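Commentary on secondary and tertiary structure
The chain contents come next:
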Amino acid sequence: MSDFEAQLRAVSLRVTRPRLAVLAALRDHPHAGTDAVIALVRADHPTVSHQAVYDVLRVLTDAGLVRRIQPAGATARYESRVADNHHHVVCRSCGAIADVDCAVGHAPCLTASGDHGFVVDEAEVVYWGSCPDCATERTPQRSASSEGST
């Protein structure tokens, strides 16, 4: 039995080709959007419908096997890293997303200054900035003539 099959059975879900394909796509392409997941699944399983992928993403998210993230102003993305409380860094230019482990201490990483009676079990932090590729494009290259002059 594959790890994906075991994960599905552990949450009482039937093992189906579309579910296995979505889990594999998210393992290989973390933070993929819905359209990317559809394309990845259909590359190997062309008979799987768009609606089936949407349904699988919803079921896997509801079951806790997949996490749906949606940074402000961005489309929803999905990831299969769900066993920990991690955060994300998002590029303002190209939308690239990367995982960031908790900054300090144990989950939920941050202690609310006032919890209003809530039992806090998770803190969601999104760091924003420029990815290495976009930062390089924005940094003007110094010309050789300007480096020699003072």
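Residues numbered from 1 in each chain as written. Predicted model: local features only at pLDDT ≥ 70, side-chain atom pairs only at ≥ 80, totals over all residues. Heavy atoms only, no water.

As annotated in an unreviewed UniProt entry, the chain carries the name Ferric uptake regulation protein and comes from Micromonospora saelicesensis. Recorded under Subcellular location (unreviewed entry), the UniProt text for the chain is reproduced unchanged: "Cytoplasm". According to the UniProt record, the Sequence similarities (unreviewed entry) comment for the chain is "Belongs to the Fur family." (UniProt positions renumbered as here; feature names shortened; annotations may be inferred.)

**Quick word on the pattern of salt bridges**
Under the defined criterion, the tally for this structure stands at 6 salt bridges. Note that Arg 81 and Asp 84 form a salt bridge whose closest N and O atoms lie 2.5 Å from each other. Assessed through its relative accessible area of 29%, Arg 81 is described here as partly exposed. With a closest N to O distance of 3.3 Å, Asp 99 and Arg 81 form a salt bridge. In this pair, Asp 99 is assigned in strand β5 (residues 97–100) and Arg 81 in the loop between β3 (77–79) and β4 (87–91), connecting sequence segments 18 residues apart. Three or more residues joined by partner-sharing salt bridges are found here, namely Arg 81, Asp 84, Asp 99 and Asp 101. (Salt bridge = Lys/Arg side-chain N within 4 Å of Asp/Glu carboxyl O. Buried < 20%, exposed > 50% of the residue type's maximum accessible area, 1.4 Å probe, protein only. Helix = DSSP H or I, 4+ residues; strand = E, 2+ residues; numbered from the N terminus.)

**Some remarks on the sheet that holds β5**
Strand order in the open sheet formed by 3 strands is β5-β4-β6, and the pairing between neighbours is mixed. Each of the sheet's edge strands pairs with one partner strand only, and the pair in question is β5 and β6 (126–129). Neighbouring strand axes in the sheet, compared pairwise and without regard to direction, differ in orientation by 25° on average. Looking at chain direction, β4 and β6 are connected through 4 bridges and run parallel. From the neighbouring strand, Cys 91 faces β6, where its bridge partner is Gly 129. (Pairing = 2+ DSSP bridges. Axes fitted to C-alpha atoms, helices over the stretch in contact; angles between N-to-C directions.)

**A word on the pairing of β5**
As paired elements, β4 and β5 share 4 bridges and run antiparallel to each other. Bridge pairing links Val 90 to Ile 97 in β5. In textbook terms, the turn of a hairpin is the stretch between consecutive antiparallel strands, and for β4 and β5 this stretch comprises 5 residues, one of which, Gly 95, has a positive phi near 85°.

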